[in-house]
Structure formats: C-alpha cells, structure tokens
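A look at the structure
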Amino acid sequence: MKSQNFTLEHLAQVVQGQCLGRPDSIFTGLASLEQAESCDIAFVNGEKYVEQALQSKAGALIVTAELQSLFSSQLNFIIVQNPYLAFATLTHVFEKKHTQRGIEATAQIHPSAIISESAYIGHYTVIGENCVVGDHTIIKSHVTIDDQVEIGKSCFIDSHVMLTGEAKIGDRVRIHSNTVIGGEGFGFAPYQGKWHRIVQLGSVIIGNDVRIGSNCSVDRGALDDTILENGVIIDNLVQIAHNVKVGANTAIAAKCGVAGSTTIGKNCVLAGGVGVVGHINIVDNVTITGMSMVTNNISEAGKYSSGTGLLTNSQWKRTVVRLRQLADVPLTQLTKKIDHMQSQIESLESTLKLRK
Amino acid sequence: MKSQNFTLEHLAQVVQGQCLGRPDSIFTGLASLEQAESCDIAFVNGEKYVEQALQSKAGALIVTAELQSLFSSQLNFIIVQNPYLAFATLTHVFEKKHTQRGIEATAQIHPSAIISESAYIGHYTVIGENCVVGDHTIIKSHVTIDDQVEIGKSCFIDSHVMLTGEAKIGDRVRIHSNTVIGGEGFGFAPYQGKWHRIVQLGSVIIGNDVRIGSNCSVDRGALDDTILENGVIIDNLVQIAHNVKVGANTAIAAKCGVAGSTTIGKNCVLAGGVGVVGHINIVDNVTITGMSMVTNNISEAGKYSSGTGLLTNSQWKRTVVRLRQLADVPLTQLTKKIDHMQSQIESLESTLKLRK
Amino acid sequence: MKSQNFTLEHLAQVVQGQCLGRPDSIFTGLASLEQAESCDIAFVNGEKYVEQALQSKAGALIVTAELQSLFSSQLNFIIVQNPYLAFATLTHVFEKKHTQRGIEATAQIHPSAIISESAYIGHYTVIGENCVVGDHTIIKSHVTIDDQVEIGKSCFIDSHVMLTGEAKIGDRVRIHSNTVIGGEGFGFAPYQGKWHRIVQLGSVIIGNDVRIGSNCSVDRGALDDTILENGVIIDNLVQIAHNVKVGANTAIAAKCGVAGSTTIGKNCVLAGGVGVVGHINIVDNVTITGMSMVTNNISEAGKYSSGTGLLTNSQWKRTVVRLRQLADVPLTQLTKKIDHMQSQIESLESTLKLRK
C-alpha cells in the first residue's frame, strides 16, 4: 500500500489544513501512532493520545491547533479542526484504486443487458436479462446478477456477490464479498401441519451511498419491497428480512438481524449482534447497544439495552437460580411491606417507651 | 413480475374459491392492500385488515364469506375459507418460472456424473465424480458440487451454493445463494495445548421439501450423518453443526445456531437468533422465542424463552448492578422471613393491646 | 468413504497402540458405537460409553487398558492411553485425500503470481497480481485471490473463498467455503449527519495451523493488521472485525462476533454465539460460555457467562416484569434492613417478656 508518494503540502491541501514544518517532505503511507515510521503520517485523535504521539516515530502528525503546541516545533504537522475526519479523507488518497475498465472475456453477459463503457466486469461474472450497470461501476469476479437487476453509477460490487430478486441499486453503493441481495424471503403459510411456500414477488430497493459488508443477506419483499434508504451502512453477517425498511444514514453493526416488515428510522445505530423482531417500528435517532433484543415498538429516541452483563460462571449459575425465583417475588410490594413493618416496629417501640 | 395476465375466474379456480363480481376481469399481479392498484388482487387476512381493505385500490379482494359482506357489492371477490393460504397458492401463479433446460457450455461436469436431461446446470457450475442431479432440478451459476453428492428431483440450488461432504439431498429441496452444505464439522481433540483436527467422515442427509436460506452452514457429521428431515424450513445465516438432527416440519428462523449432536423434534419453531447447545434433546412441538439460549434438554412441548427484555440504557445499567447482587440475595427465604416477621409484629401488637 | 482397507495391526501402529485380537483383520471404516458394523472400528471414550460399546457391532474397539478388561477377550482391540486422540489420528487415515496437482485450464492466474508446482488450483479460480501459493496447497474451484495475497504450504482453501486485503496466510491453514478474509473493515467517520468511509489500509495476518470455517468474515485492519496467531481454530459464521488480535490456540465456536481492535489471549475458548465488544483486552486462558456478551476487559483467567438461562415463556414474561422493577430495589440494603428489623423485633419481644 506504500507505493505512492505525496508531499506534506499536498496532503494538507487535500484536507484543507495548515501545513507546518517542511512542506516538501515526502510521505508514503498513513499509519497508527504505534506502528508509524518516518515516512508515515499519523493522527492524534484527542488529548488522550498525546502521550502515545510523543513516542511515535511518525514523520508528521495530524492535530488540532490546541494540541500542536504540546509537541516539539521540529516536527511536521497538518493542523485541522477534526483530525479523525482528516484521517478518513486521507485514507482515500492512499487507497489502491481499481483502474481496469471493460468486460473480461470470461464474463457472461446477456445481450439485453446494458453495461456502461466505463464500468468493469470481472472474470466469470454472470449478468442476466435486462440488467443495467452504470458508469464507473466495478463488478469483480464471480458475481451473479440475475435478470432485471439495475445497478447505478460508481458502485463497487465485490466477488461472489449475488444480486437477484430484481433488485434496484443506487449510486456509489458498495457491497462486499459473498453477500446476497434479493434472496427469497422466509415466507410460508402453515396448513395441515406443513409449510406452504409463499413465492416472494417484491424486490429490494437500495438507495445511494449505501454500504453492505460481507456475508450479509438482504431478502426481497413478499409483495412490497425491502428498502434501504440513502446512506445506510451495514457491517458483515447481517440479516435484513423481507419488507424491512431501514431509514437514511442508519448504521447496523455486524451480526444484527432484523425480522420481517419492521421499520427502522433514520440515524439509528444498532450495535453488534442486535436482534429486532418483526412487524415493529423504531423511530429516528435510536441507539440499541450490543446483543440487545428489541421485542416492541420504540417510540422515543434514546439508547436502549438488554442482557445481564457478564459474570463469573459461578456467580452466573447462582444468579440464574435467583432469576428462576424472581417471577414469584413481588419486588415492589415487598419493599412497601418492609417500609410498613418498619413503621409498625417504631410505633411498638414508642408505645413501650411511653409506658416505662 | 406483472407481465402475466389472468382472469378473476381462473384465479378463483386455482384456489378452489368462489368468484364474485366480473369473472372476466384481468389481473396482472398480487399486491399488498396498501400498494395494490386496480390491476392487482389483494387479500384480507382477518377482520383487523378490513379498514385498510376499504381504502385499498385493489381490483379484487380474497376474503372469507363473513368478511365479504362488509364490502361494497360493486367489487370483485374471491371467497375462500383461508385467504392467507389462497394468497400463498396464488403467489405460485405469478412466479416467474425458470424455463431453461440443459447444461451451459461453461459448466464443468465430471464424466461420471449423471445429470437428468430435464435438469438445468448454470454457467461455471462445477460438478464432481459420481454426482447425481435429478429430473427438473435447477442448478444456477457458480455452484460447486463435490464428488459423490446426490440431488433429487425438482430441486432449486441457487448461485454460489457449495454442496460437499457427499451430501444426499431429497426432492423439491430449495437451497439459496452462498449456503454451504456438508462443510467440515468443527471437531478437534485437545492434546498438549494444541487442537488436533478430527477429519469429518460422516455426511449430510436432507429429506424432501426442505428449504434452506442464504449464507447458511450445515456441516457434515463426524462419523454418523447430520440429518434434516422432510419439510424442514430454515431461514438465512443459520448454523447447523455436525451430527445435529432436525425433525420433520420444524422451522428455524434467521441467525439461529444449533451445536453438535443435538436432536430437535418435529414441528418445532426456533425464532430468530436462538442458540441451542450441543448434545441435548428437544421434543416435538417446542417453540423457542427469539434470541433464547437453550442449555438443557427440553422434555415437554411448549413455549420457552430467555433474555431480559429491552430496557432504557440507564435503567439497564442499574439492573445489571442489581443482577450482580442478586446471586447473594436468598429471595425465597427473604419472602418467608418477612412473612414471619409480620406475624411476630402482629403478635407483639396484640400483646400490647391486651395489656392496655 | 469406505473404499480403503487397513489391517488392525497397521491401524494400531499408526496410533502407537497395542493390537489385541487378530492383527490381520481388515477394517474399512471408522464408525460410532451405534452405527458401526463388523468392518468398522469404533472408540470407547470413557467408562460411560462401556454399556453402549457392549451392544456395538463394531469389529474392533479403541480402548484404554483399564476398560479393555470389561469386554470379551474374543474381540479385537487397540489399546491406547487416550482413545479420543487415537480416534482423531485415525480419521486422517480414512480421509479421502485430494490427489490432483496443477492448475485447471479454466483458472485465471495473473502472470506475476507464483504458484508452486505441487499446488492445485481448481476450476474458475482467479488469482491476482503478485500472489504466492506455496507447496502442496490445494485451492478449490471459484476461489478469488486478490492482488498481493500470499498463502503458505499445505493449505486447503475451499470453494468460493475470497482472499483479499493483501492477506498473508501461513502454512497448513484450512479455510472453508464462502469465507471472506481481508474484506474491508467497518470504518466510518461520522460528520454532519453522514458516514464518511475510512478506506482500510491494514491487512490480515494468519499464522500456521489456523482453521477457519465456512461463511466467516475476517476483516482487514484500518491501519495496522488484523492478526490470528498460530493454531487458532474458528467455526462457521464468525465475525472477526478490523484490528482484532486472537492469541495462539484460541478456539472460537460458531456465530461468535469480535468487534474492532479487541485483543483475545492465548488458549481461550469462546463458545457459540459469544459477542465481544471493541477495544477491550481478554487475557490468556479465558472461557466464555455460549451466547455471553463481553463488555469489559477480562484481566483474570477463568470462566465467564451471561444470560438469564431458559424459562417457560409464561415464567419468563413474569420475570421480565420483575427485572424492570429490579433497578429500583436496593437489594443489599433490603437484606440488611430486614436483619436489623429482625433484631428490633427480638428486642421488643424480650422487653415484653421481662415485664411479664
């Protein structure tokens, strides 16, 4: 990754920061404070990293003006208001770009598909009837794109992705390896002790700037569509069931599962391993902490949690025994009863004292 | 999906229902009450949807005889006993059928494999030694079928599926994209601080009418086989470990995991995210609610649950503190003690009254 | 799997055991006590399996010297100290070996890649720039190996695996189907209500003798690398986020998730479905039981758990109500208060007695 060279001045310009030190110093990579060498640039994400930064071998630091004064003036700096954001921006400078264009000879493209001339289609990728692939979109090897799927501009679809169910995908969407978009939803009508398959006729609509990790499943809707709005970001191994709707800019961490027909608002955060039952609504700006189970509508913004926290195994075993008893212990009544008994005792005591 | 036309009369016949209204009305799709237009047919799944149905633009409604009387007689109806089942049946009418037969030129088929002439084998699919593919089975692109795997009739195997471990698959089985059947079970013998791999020599046996979603892993057995009986339905991202046995018509929702050598009975339901430990037995007709952890045998049919439910984060934090204390609070003793103290106080009170 | 024949004597030699009975007896397979036939060899894993072994039709038993005396001397035996380990060793004898070498004509190998002549590259596998594949490594069909990935000797990479992010993989590593190594980590900087992608520039380093199951995601690091040390074993559907470090010989069961920048020590065991939050440290020799949530550093070796255990649904519903009350019940104070009241009552009682 360190094959490119950039001057400090150029990098400062990219992040609209102030360059301090030797503007013509050459940098070949971004690195963490710990691993950085003199050819690397690193960032100081707040006061608590100053100590580490003072030990770092990085050739330049991205810092705020306030923090810069804590360092030797001999060093190179890029001064910005938000070092983390500047770092995020610079990662794009050091990204290894995919430059290939055109269709590999081994790809199988249906004659009715429309592929932009600026797109890239990798080895062995199979594209079906009436598909559309937009400008500058990169589709890597072994991707399967079923009939009627449409993909916008500047997307990145990694190897072994499956796009089916007539999915419609916006611009600048990134989908990572082995993810399945538009697979058949889990719809069955129980009748006479057996499950009768309900063919899923809805689709999946994915907005712009959506990011989906690897090994995810986003199912097509039963009749209406499954919808991921603009700016949704999803980590790996996530399940989005049929007819789920996820609001704009919501983030869903790894291993979450959202059951069918649930609607999640905008700007929500589901931490890792969260499960959400079907047919509920979650309003905007809700955060669910890791491994929580959402079983009801959430109608107020805020932070929600479930789980017992971690215990030593021996304590946990005793706690589980107590939890089995808990159902039959009227906790609030008990507290009241104790308070009442306390006042009875006090009354008895004063009666006795009076008689003395 | 709306390229096919059917008369109301024809659709009523398919579901053995009564046609009310204009039998020659043409319908091009099924839709939800909310999204339906005049060319669509929708269904009313019980009284609570009547209000919505009255607002719907659907050109025809599937209803029970009781509900039909609530609507204007000007409309078109299909009268049935079970509208949801009728809807499930009609989805098959509107399904886009896969009509291709034969083997794509790019597929790699071992000469010893036996492929039915009515089967379809997609692009780049690889089929090994002594495999069998039955009549009318559809195998899409990029599937890998390892040596000795046998697949029955009228199956549907979607792209990027891996069938290995000499799996034997029944008739009318559907396996969705990127699922792995017959992968090596997680078997290691610990010895002198290291893990020694146990080669898995068992296989996977899948009955008829089984459905497995996308991104699932069903491992081959260590010595004996992993077994999914007839009619089992499994959602996405599910783990079935080596030597698990799942009874007929059991449903397993997304993100469940069943550990090794566990037996699950018939007609069970595991809701989303359930985990079942290894080497236990669950009897028939057991329902486990979402994200529960099953740590012991279940020997009685019924519904089981675990978890704390969802709390606001601030309440949850306090609850977790209490849960850490709970192990050391003798709840049932405490309740008895309080009752005993109550009677002691009453006795004291009456003693004092007597003396007045 | 039963196409190979071995004498009892040969099998005893393989496990350095003592052969008792007819050394020239021929065995064609390993089997469980339950399913074994006379051509099979089975093992007795401790006293509790003796009953079952007495009923078994197995033609030979692997037992300890102590247990052997419980069986008829007419039988065939292999006497060893550790029958389970001997069984593990013998599974390798009965394993169907992959014997093909060379590169399938349909594989796409970049001219700059270095592939050992003793390696096997399967159909449709795509290998990018500057990749290295070591001696005796087997790479099955439909694998994608992106630029700069290096794979050691005697590895096994199953179909549909994706190796990217410039991953470096040691010797004797086994990676099962549809797993993604080196996918982009979930790194986004929030700014003005949107998520700004942080290009992930780190890599993944995998040691020797590592085993990763199917449908796993192991992400590349943001700047530094994600690291799996020697001897780590991972089951199916596991998420390892960017910059996680897993210590040597740690075992991670199916459906676990480890969030970003967390360090797990050596010789740990994460049972199925465990979740670990980001940026924490877990020391060596820690066991986490199934579906537990680790939210803080663990600084002492030992066994840890969370969760409520399983309840009947009706009891669970009542328990959840109590858990909502629990936050406001001062449990330890309550216990003290009750003890204090008890002594007050006793004091009252003795006062009254004195006055009699």
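Predicted model, so just to flag it, every value in this text is computed and none were measured. All chains use their own residue numbering, which begins from 1 and follows the written sequence. Think of it this way: whatever chain is written first is A, whatever ligand is written first is 1, and the rest follow in order. Reporting of local features is limited, given that this is a predicted model, to residues whose pLDDT is at least 70; pairs of side-chain atoms are given and counted only at 80 or more, and all residues count toward the totals for whole chains, interfaces and linings. Only hydrogens and water are removed before side-chain values are computed, so all heavy atoms of the structure are retained for them.

When helices and strands are tallied, chain A shows 6 helices and 40 strands. Computed over its C-alpha atoms, the radius of gyration of chain A comes to 29 Å, more than 25% above the 21 Å expected for a compact globule of 356 residues. Taken along the three principal axes of its C-alpha coordinates, chain A extends 100 × 75 × 35 Å. Across the 356 residues that make up chain A, the buried fraction comes to 60%. Two residues form a contact once any of their heavy atoms are found within 4.5 Å. Sequence separation of at least 24 residues holds for 19% of the intrachain contacts in chain A that already meet a minimum separation of 6. Counting rule applied: Lys, Arg positive; Asp, Glu negative; His and chain ends not counted. Each charge is placed at NZ for Lys, CZ for Arg, CG for Asp and CD for Glu. Within chain A, one finds 29 positive and 32 negative side-chain charges whose respective centroids are separated by 12 Å. What counts as a helix is a DSSP run of H or I of at least four residues, what counts as a strand is a run of E of at least two, and both are numbered from the N terminus. When we talk radius of gyration, it's over C-alpha atoms, and the globule rule is simply 2.2 Å times the number of residues to the 0.38. Think of it in three bands: with a 1.4 Å probe and only protein chains considered, a residue is buried below 20% of the maximum accessible area for its type, exposed above 50%, and partly exposed in between.

Turning to the UniProt feature "domain: Mannose-1-phosphate guanyltransferase C-terminal" (unreviewed entry) in chain A, a few remarks are in order. Cross-referencing UniProt, the feature "domain: Mannose-1-phosphate guanyltransferase C-terminal" (unreviewed entry) maps to residues 106-183 of chain A in the present numbering. End-to-end, the C-alpha atoms of residues 106-183 of chain A are 25 Å apart, and along that stretch the chain is 0% helix and 36% strand. UniProt positions are given in the numbering used here, feature names are shortened, and annotations may be inferred rather than shown by experiment.

Turning next to the domain arrangement of chain A. The domain boundaries here were taken from an automatic or database domain assignment. What the domain assignment lists for chain A is domain 1 (6-94), domain 2 (102-304) and domain 3 (313-355). Between the C-alpha centres of domain 2 of chain A and domain 3 of chain A there is a distance of 53 Å.

Right, let's get into the UniProt feature "active site" (unreviewed entry) in chain A. Residue and element names in this part refer to chain A. Cross-referencing UniProt, the feature "active site" (unreviewed entry) maps to His-242 in the present numbering. Tracing the backbone shows His-242 in the loop between β29 (239-240) and β30 (245-246). Definition of a polar contact: a pair of N or O atoms within 3.5 Å, with one able to donate and the other able to accept a hydrogen when the atoms are protein atoms, and with sequence-neighbouring residues admitted only if both atoms are side-chain atoms. Within the local environment of His-242, its side chain forms a polar contact with the side chain of Gln-200, the two groups lying 2.7 Å apart.

To continue, consider the side chain of B:Thr106. Mapped onto the fold, B:Thr106 is located in the loop between β8 (102-103) and β9 (108-109). Take B:Thr106: its relative accessible area is 16%, and that puts it in the buried class. A polar contact is formed between the side chain of B:Thr106 and the backbone nitrogen of B:Tyr124, at a distance of 3.0 Å. Ignoring sequence-local partners within four residues, the contact set of B:Thr106 consists of A:Gln108, B:His123, B:Tyr124 and C:Tyr124.

For the rest of this paragraph, the subject is the packing of aromatic side chains. Given two aromatic rings, one states the distance between the centres and the angle between the planes to describe the pair. Stacked, tilted and edge-to-face are the three classes assigned to paired rings of Phe, Tyr and Trp, where Trp is represented by its six-membered ring and a pair needs centres within 6.5 Å; plane angles under 30 degrees give stacked, over 60 edge-to-face, the rest tilted. A complete count under the given rule lists 21 aromatic pairs over all chains for this structure. When the centroid spacing of 5.5 Å and the interplanar angle of 70° are considered together, the rings of B:Phe186 and B:Phe188 count as edge-to-face. Each member of the pair, B:Phe186 as well as B:Phe188, carries the same accessibility label: buried. Taking 6.0 Å as the distance between ring centres and 35° as the angle between the ring planes, the aromatic pair formed by C:Tyr84 and C:Phe87 counts as tilted. In this pair, C:Tyr84 and C:Phe87 both sit in helix α4 (residues 83-94), 3 residues apart, roughly one turn of the helix. Taken together, A:Phe43, A:Tyr84 and A:Phe87 form an aromatic cluster joined through their ring pairs.

A word on the interface of chain A and chain C. In this assembly, 80 residues from chain A lie in contact with 82 residues from chain C. By salt bridge we mean one thing: a side-chain nitrogen of Lys or Arg within 4 Å of a carboxyl oxygen of Asp or Glu. Our count for the contact surface shared by chain A and chain C stands at 5 salt bridges. For A:Glu95, the salt bridge goes to C:Arg197, with nearest N and O atoms at 3.0 Å. On the surface where chain A and chain C come into contact, there are 38 residue pairs in polar contact (both at pLDDT 80 or more). Mapped by element, the contributors of at least two residues to the side of chain A that touches chain C are α4 (83-94), β28 (233-234), β31 (251-252), β40 (311-312), α5 (313-326) and α6 (331-355) of chain A. For the side of chain A that touches chain C, the element with the most residues is α6(A), which contributes 12 residues. Taken together, the residues that form the side of chain A that touches chain C break down as 35 nonpolar, 31 polar and 14 charged. A pair of strands counts as paired when DSSP detects no fewer than two bridges linking them. Where β40(A) and strand β39 (residues 302-305) of chain C come together, 2 bridges link them in antiparallel fashion. Residue polarity is assigned by list, with Asp, Glu, Lys and Arg as charged and Ala, Val, Leu, Ile, Met, Phe, Trp, Tyr, Cys and Pro as nonpolar; anything else, Gly included, falls into the polar class.

This brings us to the sheet that holds strand β9 (residues 108-109) of chain C. Residues and elements named next belong to chain C. One open sheet accounts for 10 strands, arranged β9-β12-β15-β18-β21-β26-β29-β32-β35-β38; its pairing is parallel. Of all the strands in the sheet, the pair left with one neighbour each is β9 and β38 (293-294). Note that strand β29 (residues 239-240) and strand β32 (residues 257-258) share 2 bridges and pair parallel. Residue pairing in the sheet places Ile-240 in a bridge with Val-258 of β32.

This part is about the relation of the copies chain C and chain B. Superposing chain C onto chain B takes a rotation of 120° plus a shift of 0.0 Å along the axis, which leaves an RMSD of 0.0 Å. Both chain copies can therefore be described as sitting about a three-fold axis. Each copy is superposed on the other by least squares, with the fit set by C-alpha atoms of residues at a pLDDT of at least 70 in both.

Should the charged atoms of two oppositely charged side chains come close, the side chains can pair. Evaluated as defined, the whole model comprises 27 salt bridges over all chains. The shortest N-O distance in the salt bridge between A:Asp147 and B:Lys96 comes to 3.5 Å. Of this pair, A:Asp147 sits in the loop between β15 (144-145) and β16 (150-151) while B:Lys96 sits in the loop between α4 (83-94) and β8, each in a different chain. The exposure class assigned to B:Lys96 is partly exposed, which follows from its relative accessible area of 43%. What emerges from the salt-bridge pattern is a single network uniting A:Glu95, C:Glu184 and C:Arg197.

Listed by partner, the interface residues are 80 residues for chain C and 82 residues for chain B. Defined here as a combined quantity, buried area equals the accessible surface (1.4 Å probe) lost by two parts on assembly, summed across both. Buried area between chain C and chain B, summed over both chains or domains, comes out near 6800 Å², and the portion from carbon and sulfur atoms is 63%. Taken together, the links from chain C to chain B amount to 5 salt bridges. Counting every contact that joins chain C to chain B gives 38 residue pairs in polar contact (both at pLDDT 80 or more). Only α4, β28 (233-234), β31 (251-252), β40 (311-312), α5 (313-326) and α6 (331-355) of chain C provide two or more residues apiece to the side of chain C that touches chain B. Partitioned by chemical class, the residues of the side of chain C that touches chain B number 35 nonpolar, 31 polar and 14 charged.

This part covers the sheet that holds strand β19 (residues 168-169) of chain B. All names here are of chain B. Strands sit in the order β10-β13-β16-β19-β24-β27-β30-β33-β36 across an open sheet of 9 strands; the sheet is parallel. Each of the sheet's edge strands pairs with one partner strand only, and the pair in question is β10 (114-115) and β36 (281-282). Where strand β33 (residues 263-264) and β36 come together, 2 bridges link them in parallel fashion. Its bridge partner being in β36, Thr-263 is matched across the sheet by Asn-281.

The next thing to look at is the packing of α5(A) against helix α5 (residues 313-326) of chain B. Between two packed helices, the angle of one axis relative to the other and the distance separating the axes together describe the packing. Here an axis means a line fitted to C-alpha atoms, over the contact stretch when the element is a helix, while the angle between two N-to-C directions is reported on a 0 to 180 degree scale. Contact geometry for α5(A) and α5(B): axes closest at 8 Å, N-to-C directions at 100°. Classified by the angle their axes make, α5(A) and α5(B) are roughly perpendicular. Together, A:Gln315, A:Thr319, A:Arg322 and A:Leu323 of α5(A) and B:Leu323, B:Arg324 and B:Leu326 of α5(B) make up the contact between the two elements. Residues belonging to the contact of α5(A) with α5(B) are distributed by class as follows: 3 nonpolar, 2 polar and 2 charged. Working definition: roughly parallel below 35 degrees, roughly antiparallel above 145 degrees, roughly perpendicular at 65 to 115 degrees, and oblique for all remaining angles.

What follows covers the pairing of strand β7 (residues 76-79) of chain B. Residues and elements named next belong to chain B. Residues Asn-76 and Ile-78 line one face of β7 and the alternating positions Phe-77 and Ile-79 line the opposite face, and both faces are buried. Here 3 bridges tie strand β2 (residues 18-20) to β7, and the two strands are oriented antiparallel to one another. In the sheet register, Gln-18 faces β7, and the bridge partner there is Ile-79. Where strand β6 (residues 60-63) meets β7, 4 bridges bridge the pair, whose relative direction is parallel. Looking across to β7, one finds that Ala-60 is bridged to Asn-76.

All right, on to unusual backbone geometry then. With a phi angle near 50°, A:Gln16 is a residue other than glycine that sits in the positive phi range. Checked against the element boundaries, A:Gln16 lands in the loop between α1 (8-14) and β2 (18-20). When its relative accessible area of 76% is taken as the criterion, A:Gln16 is described as exposed. At C:His160, a residue that is not glycine, the phi angle is positive and equals roughly 65°. When you line up the elements, C:His160 lands in the loop between β17 (156-157) and β18 (162-163).

Residue and element names in this part refer to chain C. Given a rise of 1.5 Å per residue, 12 residues ought to cover 16 Å, and the 16 Å separating the end C-alpha atoms of α4 matches this to within 8%. Of all the 12 residues making up α4, 9 are buried; the element is thus mostly covered by neighbouring parts of the structure. Buried residues of α4: Pro-83, Leu-85, Ala-86, Phe-87, Ala-88, Leu-90, Thr-91, Val-93 and Phe-94, and no others. Here a helix's expected span is defined as the number of its residues, less one, multiplied by 1.5 Å.

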